[in-house]
Amino acid sequence: MDVRIGLIGCGVMGADHAAILRAGVAGARLAAVQDADGKRARALAETLGTVAVMDEAAALIASPEVDAVLIAAPDPAHAPLVLACIAAGKPVLCEKPLADTVEGCRGVVAAEMKSGGRLVQVGFMRRFDAGYHAMRQAVERESLGAPLMLHCVHRNKVAPDYITSAQVIANSGVHEMDIARYLLAEDFAAVTVISARPSRLMPNRQPQMILLESARGVVVSVEVTPDAQYGYDVRGELVCESGTISLAPAPPVALRQAGLDGFAVEEDWRTRFGEAYRAQMVAWVHAVRGGQPAGASAWDGYMASRTAAAALEAWQAGGRVVMAPESRPDFYAV
Ligand code: ISE
């Protein structure tokens, strides 16, 4: 029997997840869609074949025709929807962030632990990217010795209009916070943020430089430039005791054209991390079918939001914010 998936949110990310399922993920099929804008849900459903359209998210979550739920609704809706899935005992893959506040994330963690079973996966898709996977393995195997520093670059071609200077940290920078914590397999102890002057092309928001210090003294630099103009560019270089390992450009081919020799740059994260999104879905379906929990847990979602909140505090106060250590509950050991 296929896992019957219900999708809540039929915007850009919802449509992308639906396309992955339509292309075929073994052991799963998209059974129902819902969006606050019913027209948008119906329009997406028409491209998908036999898929039910539901008017209310609560009805989709409660439906006996839905075994597991994928949430791609707007950020403030995430936590209430995830809590409803937990109450219904249904596995859920929720786009990042897990909640729009740290308290909201904490509420989800508490509810999941109370339910007694792992039901929540957070859509930090980079954890399924082959490049980051190799970097993580280098850390696990200590093939380059212990990590000392990590340099991350996150550039959007032109970020969406709603992205403010704070969102540059909390919406984009949070991916780096999660992947850095995942690569280093340790939590952060302190954060500092320095803003660059705004680009004259986009005077309303500032590029941000975030400096994270891990509990064991690894330093992570994160440049987030929301309006790089030339494309979507994500870089990472891990500096270890006896060498470095970094993300290579994703394209399988190099181009020589018009006086330039190099690689084409992606438009946005959906193409850059297309394979990672697909691998994330495959891993989630496997977990829903009884396999090991995969990807970012609710605890990871909480830790990412907590780090982003500390970074926002550091940015506003203009100093270094120290984060108190927190031990991961045994419930999230796997
Ligand atoms: C967007 O919300 C995402 O989640 C993308 O993965 C990220 O790269 C982008 O900067 C964010 O705005």
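Quick note: structure is the one above.
So, here's what we can say about the structure. (Residues numbered from 1 in each chain as written. Predicted model: local features only at pLDDT ≥ 70, side-chain atom pairs only at ≥ 80, totals over all residues. Heavy atoms only, no water.)

Quick notes on the packing of helix α7 (residues 165–184) against helix α10 (residues 298–317)
Stage number 1. Running from amino to carboxyl end, α7 crosses α10 at an angle of 135°, the nearest separation of the two axes being 9 Å. Taken as axis vectors, α7 and α10 run oblique relative to one another. Classified by chirality, the crossing of α10 by α7 is right-handed. Here S165, A166, I169, A170, V174, M177, D178 and R181 of α7 come into contact with α10, specifically with W299, D300, M303, A304, T307, A308, A311, L312 and W315. (Axes fitted to C-alpha atoms, helices over the stretch in contact; angles between N-to-C directions. Helix = DSSP H or I, 4+ residues; strand = E, 2+ residues; numbered from the N terminus. Parallel < 35°, antiparallel > 145°, perpendicular 65-115°, else oblique. Left-handed = near helix turned anticlockwise from the far one by under 90°. Contact = heavy atoms within 4.5 Å.)

Examining the pattern of salt bridges
Stage number 1. Following the criterion strictly, the structure yields 21 salt bridges and no others.
Stage number 2. Notably, a salt bridge pairs E267 with K157, separated by 2.8 Å at the nearest N-O pair. Taken together, the residues E267 in the loop between β14 (260–262) and α8 (269–272) and K157 in the loop between β7 (147–155) and α7 connect sequence positions 110 residues apart.
Stage number 3. By relative accessible area, K157 is classed as partly exposed at 29%.
Stage number 4. Each member of the salt-bridge network shares a partner with another, and the members are R127, D178, R181, D187 and D300. (Salt bridge = Lys/Arg side-chain N within 4 Å of Asp/Glu carboxyl O. Buried < 20%, exposed > 50% of the residue type's maximum accessible area, 1.4 Å probe, protein only.)

Thoughts on the nonpolar core
Stage number 1. Counting residues in hydrophobic clusters, the biggest one holds 100 residues, and the most contacted among them are V120 and V191.
Stage number 2. The residues that make up this core include at least three from each of domain 1 (3–125 + 277–296) and domain 2 (127–272 + 303–332).
Stage number 3. In this view, V120 contacts V82, I86, V92, L98, V108, E112, A296, S297 and A298; residues no more than four positions away in its chain are not counted. (Core = buried A, V, L, I, M, F, W, Y, C linked by side-chain atoms within 4.5 Å. Domains from an automatic or database assignment.)

Let's talk about the sheet that holds strand β3 (residues 52–54)
Sheet strands pair via backbone hydrogen bonds, and the direction of the pair is either parallel or antiparallel.
Stage number 1. Across the sheet, which stays open at both edges, the six strands sit in the order β3-β2-β1-β4-β5-β6 with parallel pairing between neighbours. Edge positions in the sheet fall to β3 and β6 (120–123), since each has one partner strand and no second. Along the sheet, successive strands turn relative to each other by an average axial angle of 25°, direction set aside.
Stage number 2. In terms of strand pairing, strand β4 (residues 68–71) meets strand β5 (residues 92–95) through three bridges, oriented parallel. Looking at β5, one finds that I71 is bridged to C94. (Pairing = 2+ DSSP bridges.)

Side note on a nonpolar patch on the surface
Stage number 1. Residues L148, M149, L211 and V219 make up a contiguous nonpolar surface patch of roughly 290 Å² in combined accessible area.
Stage number 2. Examined against the element boundaries, L211 turns out to sit in strand β9 (residues 208–214). (Patch = residues over 30% accessible without salt bridge, like charges linked within 9 Å, V, L, I, M, F, W, Y side chains within 5 Å. Areas by Shrake-Rupley, 256 points an atom, 1.4 Å probe, with all protein chains shown as cover.)

A closer look at unusual backbone geometry
Stage number 1. In this chain, K96 is followed by P97 through a cis amide linkage whose omega measures -5°.
Stage number 2. Secondary-structure assignment places P97 in the loop between β5 and α5 (102–115).
Stage number 3. Even without a glycine there, the phi angle at E142 is positive, about 55°.
Stage number 4. By secondary structure assignment, the location of E142 is in the loop between α6 (130–141) and β7.
Stage number 5. On the accessibility criterion, E142 (52% relative accessible area) is exposed.
Stage number 6. Even without being a glycine, A185 presents a positive backbone phi close to 55°.
Stage number 7. Structurally, the position occupied by A185 is in the loop between α7 and β8 (188–195).

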